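Residue-level listing of the chains:
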Amino acid sequence: MPMRVVNPFPLADAPRVWFWVKDIRHRLFDDTVPSEQFAFTGGLVERLSGAIQSWGIYQDNLLVGMVFTEPAQVGSSLLTCLYRPDAGNVAKEGLRQIVGELIAAGPVQCSVFANNKAVISMLSEIGARRAARLYGQLVRDGKPADVDVFVITKESYHASVSIGVSRPDGGKRPRGPVDQPRPDQHEHEHQHEHPDVLP
């Protein structure tokens, strides 16, 4: 069955997310995110309930990803995506579809731990460009951790679509460019955000 995107995200499916992240939570969250199943799920439902929009990504009627947006700077939205580690290609295509809808209203932001190379690669394939690095912004495992802030614009998104992406069935097309910060781009040390990341 092909991938499908459901809007809004069905809150009854929120408990499933814990089982995706419980063994890799140190890669995804800072120390303020609950490490116990029911507290984590309750916090997730609270964030989903306050989100601007939310989506579930399904394949074969199985939930493989969730996406939601929250207010960011004026004219843009802050995106969070979590997905099953074994469903990366499907989740990426679902995320691409969702971002294609969102950028009509303005740029999309996403924050990721700076050493999460898999997520950074995925974001680059849908047109994300790093806007800033926030040094020591969050505490993870009791230590300061750097966070990269990415922005997807209408222009960068459409450029990535024209170049081509991986298909949900595992086949490959040419990848989009991996965006690098400009040589004259200064890193910023401000703004407190939880990393809105993908495994």
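Details of the structure are given in the entry above.
Once a new chain begins, its residue numbering starts again from 1 and follows that chain's sequence as written. Totals for whole chains, interfaces and linings use all residues, but because this is a predicted model, local features are given only for residues with pLDDT of at least 70 and pairs of side-chain atoms are given and counted only at 80 or more. The basis for every side-chain value is the complete set of heavy atoms in the structure, and neither hydrogens nor water enter the calculation.

Colleague: Residues and numbers for the overall build of the protein, please.
Modeller: Broken down by element type, the protein carries six helices and seven strands. Starting at the N terminus, helices and strands are each numbered in turn, a helix being any DSSP run of H or I of at least four residues and a strand any DSSP run of E of at least two. The order of helices and strands in the protein, counted from the N terminus, is β-α-α-α-β-β-β-α-β-α-β-β-α. Of all 199 residues assigned to the protein, the portion counted as buried reaches 50%. For the protein, the exposed surface amounts to about 9700 Å²; the carbon and sulfur share of it is 55%. Here the term buried applies to any residue with accessible area under 20% of the maximum for its type, exposed to any over 50%, and partly exposed to those in between, with areas from a 1.4 Å probe on protein chains only. Computed by Shrake-Rupley with a 1.4 Å probe, the accessible areas treat only the displayed protein chains as cover when residues are assessed.

Colleague: Account for the packing of aromatic side chains, naming residues and giving values.
Modeller: Between the rings of Phe, Tyr and Trp (Trp by its six-membered ring), a pair exists once the centres lie within 6.5 Å; its type follows the angle of the planes, with under 30 degrees stacked, over 60 edge-to-face, and the other angles tilted. Applying the stated criterion across every chain yields a total of two aromatic pairs. Relative to Phe-40, the ring of Trp-18 has its centre 5.4 Å away and its plane inclined at 55 degrees; by these criteria the two rings are tilted. Pair noted here: Trp-18 is in helix H1 (residues 15-21) and Phe-40 is in helix H3 (residues 37-49), with a separation of 22 residues, a long-range link. The same class applies to Trp-18 and to Phe-40, which are both buried. Seen in terms of ring centroids, Phe-29 and Phe-40 are 5.6 Å apart; in terms of plane orientation they differ by 55 degrees. Their pairing is tilted.

Colleague: Quick rundown of the sheet that holds strand E1 (residues 4-6)? Include the residues and the values.
Modeller: With respect to topology, seven strands assemble into an open sheet ordered E1-E2-E3-E4-E5-E7-E6, the strand pairing being mixed. Strand pairing shows two members of the sheet lacking a second neighbour, E1 and strand E6 (129-140), which therefore form its edges. Averaged over all neighbouring strand pairs, the angle between strand axes comes to 30 degrees, with direction disregarded. As defined by bridge partners, strand E4 (residues 77-83) adjoins strand E5 (residues 108-113) across two bridges and the pair is classed as parallel. Looking across to E5, one finds that Leu-78 is bridged to Gln-109. Contact criterion: two residues are considered in contact whenever any of their non-hydrogen atoms come within 4.5 Å of each other. All axes here are fitted lines through C-alpha atoms, helices being fitted over the stretch that makes contact, and every angle between N-to-C directions spans 0 to 180 degrees. In the packing of H3 onto the sheet, contacts are made with strand E2 (53-59), strand E3 (62-71) and E4, and the angle to E3 comes to roughly 55 degrees. Whether two strands pair depends on DSSP finding at least two bridges between them.

Colleague: So what about the nonpolar core? Which residues, and what values?
Modeller: Note on terminology: a nonpolar core comprises buried Ala, Val, Leu, Ile, Met, Phe, Trp, Tyr and Cys residues joined through side-chain atoms within 4.5 Å. Within the largest apolar cluster, 27 residues are counted, with the highest numbers of intra-cluster contacts made by Val-67, Leu-79, Leu-95, Val-99, Leu-123 and Ile-152. Breaking this core down by element, the ones donating at least two residues are E2, E3, E4, helix H4 (88-102), E5, helix H5 (117-125) and strand E7 (143-152). If you look at the next biggest cluster of nonpolar residues, it comprises 19 residues, including Val-17, Ile-24, Ala-51 and Leu-63.

Colleague: Explain the pattern of salt bridges to me, and be specific about the residues and the numbers.
Modeller: For salt bridges, the criterion is a side-chain nitrogen of Lys or Arg within 4 Å of an Asp or Glu carboxyl oxygen. For the structure shown, the criterion picks out seven salt bridges. With a shortest N-O distance of 3.5 Å, Asp-23 and Lys-22 are connected by a salt bridge. The class for Asp-23 is exposed, based on a relative accessible area of 58%. It is possible to trace a salt-bridge network through shared partners that takes in Arg-130, Arg-133 and Asp-148.

Colleague: Give me the lowdown on the side chain of Glu-70, citing residues and values where you can.
Modeller: Assignment of secondary structure puts Glu-70 in strand E3. Taking the relative accessible area as the measure of exposure, Glu-70 reaches 16% and is therefore buried. Among the polar contacts made by the side chain of Glu-70, one reaches the side chain of Arg-47 at a distance of 2.6 Å. Think of a polar contact as two N or O atoms within 3.5 Å of one another; within protein, one of them needs to be a possible hydrogen donor and the other a possible acceptor, and neighboring residues in sequence only count if both atoms come from side chains.

Colleague: Tell me about the pairing of E6, residues and numbers included.
Modeller: Consecutive side chains of a regular strand alternate in pointing toward one face of the sheet and then the other. Alignment of E6 against E7, held across eight bridges, turns out to be antiparallel. In the sheet register, Arg-130 faces E7, and the bridge partner there is Phe-150. Counted along the chain from E6 to the antiparallel partner E7, the turn is two residues long, and its residue Asp-141 has a positive phi close to 55 degrees.

Colleague: Mind laying out the pairing of E5, listing which residues take part and the relevant values?
Modeller: Burial analysis of E5 places six of its six residues in the buried class, the great majority of the element. Classification remark: right-handed applies to a crossover when, strands pointing away from the viewer, the course from the first strand over the helix to the second runs clockwise. Regarding topology, H4 serves as the crossover connection from E4 to the parallel E5, and that connection is right-handed.

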